[in-house]
Amino acid sequence: MLKRNPLWLLLIMGTLGLATQVLAQDPSASIRHTPTPIVIDGVADDAAWATANENEDFFVAGGTEPTDEVDLSAKWRALWDEDNLYFWIEVQDADLFTEDTRDWQDDSVELYIDTESLGKGDDPITDYRPSVGGNFGPLDPAEAIDADPPIYPIYQLTIHGGQDKIFNGINHRTWINQLEGSEFDDMEQAPHLGVTTLGDAGYVLEIALPWKSLGSSEPTDILDRGSFGFGVAINDNDVGGARETQVMWATSDGDLWNNPQQFPDVALLFPEGSGPDIFVKRELDLGQLTTDVQQLTIPISNVGTDNALTISDVTVSGPDADRIAITGFPATVPPGGNGLVQYTLTPGRTGAFQFTFTINSDDVDAEDQAREVAITAASINPAGPWG
């Protein structure tokens, strides 16, 4: 979702537009732990993804404002385990161009990662040097390490829509190598595994980034510190040539590419306890549905690590509860496991619908013995008023 800031003024400098007002920084997101590794296939159908927080607050940082959400909008999720930071993003973009040798001028996603929070604290790094000698070409890793001052381990990675290749940004210390089985040197390079898939109106990216390729911080270091720097940018090119727009998640600052002080702060959440602990999204929007009977599901997870979760009952309430029939739910969910509440929706009319599911557990040790899911939907007649 694109957030509009009514007070900002656009100043055009060369081919890029730079917003003159910068939104205030806050701890902007949290990333849940996954007890099982994510399968990187571009689908994001691992059950753990259903537990991940979704983030969609993007702001224009440069160029022209998108005309609507179809022109440009995005939402992302992330998860972590002891080995990898997992990232998934869905971008709506009606026109895709990947023809420019300057990756940031094409339709692409940029990630800014500062696992050691070097851009924050009492003595922050304010400039992590675009290049050695002022050249914007890619650096040999040895040059990056031996540079004076050195290239700091803060990373800018660019991924084109529809391609499974990471382009290392001009600001980084070590290369993220995409080839499995590559010979790593003493800088602890590591392979990434990423997949992008193209749709009719945009693209999806799913990627695993090894912690050891992102600096010296282990996840435990970040947990102790409380957060790390993490930025997401979307570049939009609708007609070829230079990009028309860049949007940033959680900030309108277009200077993240060379100022880690402006990276939003993101927290890693501690692994869940022994549990059982039910997790389900608090809100679901089903979007537009036809007036036909709909067979639907609600993903639920037990994010506890040791004990099985018992589901004793599922009820539904709200103004349209009479249109819902619950057809099934799991009696138990194993630790780290997942299940589905199955139900049918019989619209019977067009218009908006609202109903709330309550999922009950009789486990006395459960963190929450009842969880509610508020669901909204809209029903349309695809044949129109003439059908």
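The model shown is predicted, which means the values in this text are computed figures rather than measured ones. (Residues numbered from 1 in each chain as written. Predicted model: local features only at pLDDT ≥ 70, side-chain atom pairs only at ≥ 80, totals over all residues. Heavy atoms only, no water.)

A.B. asks: Give a description of the overall build of the protein that names residues and reports values.
C.D. replies: Assigned secondary structure in the protein consists of 2 helices and 24 strands. Within the protein, the fraction of its 387 residues that count as buried is 50%. Look at the contacts in the protein between residues 6 or more apart in sequence, and 70% of them connect residues 24 or more apart. Counting every atom, the protein has about 17500 Å² of accessible surface; 50% of that belongs to carbon and sulfur. (Helix = DSSP H or I, 4+ residues; strand = E, 2+ residues; numbered from the N terminus. Buried < 20%, exposed > 50% of the residue type's maximum accessible area, 1.4 Å probe, protein only. Contact = heavy atoms within 4.5 Å. Areas by Shrake-Rupley, 256 points an atom, 1.4 Å probe, with all protein chains shown as cover.)

A.B. asks: If you had to explain the pattern of salt bridges to someone new, which residues and values would you point to?
C.D. replies: For the structure on display, the rule yields 4 salt bridges. Note that Arg77 is salt-bridged to Glu54, the shortest N-O span being 3.1 Å. In this pair, Arg77 sits in strand β6 (residues 73-80) while Glu54 sits in the loop between β4 (27-33) and β5 (58-63), placing the two residues 23 residues apart along the sequence. Taking relative accessible area as the criterion, Glu54 reaches 33% and is therefore assigned partly exposed. Linking Glu90 and Lys75 is a salt bridge whose minimum nitrogen-to-oxygen distance equals 4.0 Å. Placement of the pair is Glu90 in strand β7 (residues 84-92) and Lys75 in strand β6, with a sequence separation of 15 residues. Each of Asp320, Arg323 and Arg349 takes part in one network of salt bridges that share partners. (Salt bridge = Lys/Arg side-chain N within 4 Å of Asp/Glu carboxyl O.)

A.B. asks: Which residues make up the sheet that holds strand β22 (residues 338-345), and what values do they have?
C.D. replies: The antiparallel open sheet is built from 4 strands, whose spatial order is β16-β18-β22-β20. Each of the sheet's edge strands pairs with one partner strand only, and the pair in question is β16 (278-279) and β20 (324-328). Looking at chain direction, strand β18 (residues 294-302) and β22 are connected through 8 bridges and run antiparallel. Considered in β22, the bridge of Ile298 is made with Val341. (Pairing = 2+ DSSP bridges.)

A.B. asks: Outline the packing of aromatic side chains, supporting the account with residue identities and numerical values.
C.D. replies: When we look at a pair of aromatic rings, we describe it by the centre distance and by the angle of the planes. Summed over the entire model, instances satisfying the criterion amount to 10 aromatic pairs. One aromatic cluster is present, formed by Trp76, Phe87, Trp211, Phe228, Phe230 and Trp249 through successive ring pairs. Positioned over the ring face of Trp88 is Arg77, at 4.7 Å from the centre of the ring. (Phe/Tyr/Trp six-rings, centres within 6.5 Å; stacked < 30°, edge-to-face > 60°. Lys NZ or Arg CZ within 6 Å of the ring centre and 35° of its normal.)

A.B. asks: Run through the pairing of β6, naming residues and quoting values.
C.D. replies: A regular strand places its side chains so that they alternate between the two faces of the sheet. Within β6, 7 of the 8 residues are buried, which leaves the element mostly enclosed by the surrounding structure. In the sheet, β6 pairs with β7 via 8 bridges, with the strands oriented antiparallel. Paired with Lys75 across the bridge in β7 is Glu90. Between the end of β6 and the start of β7, which pair antiparallel, lie 3 residues.

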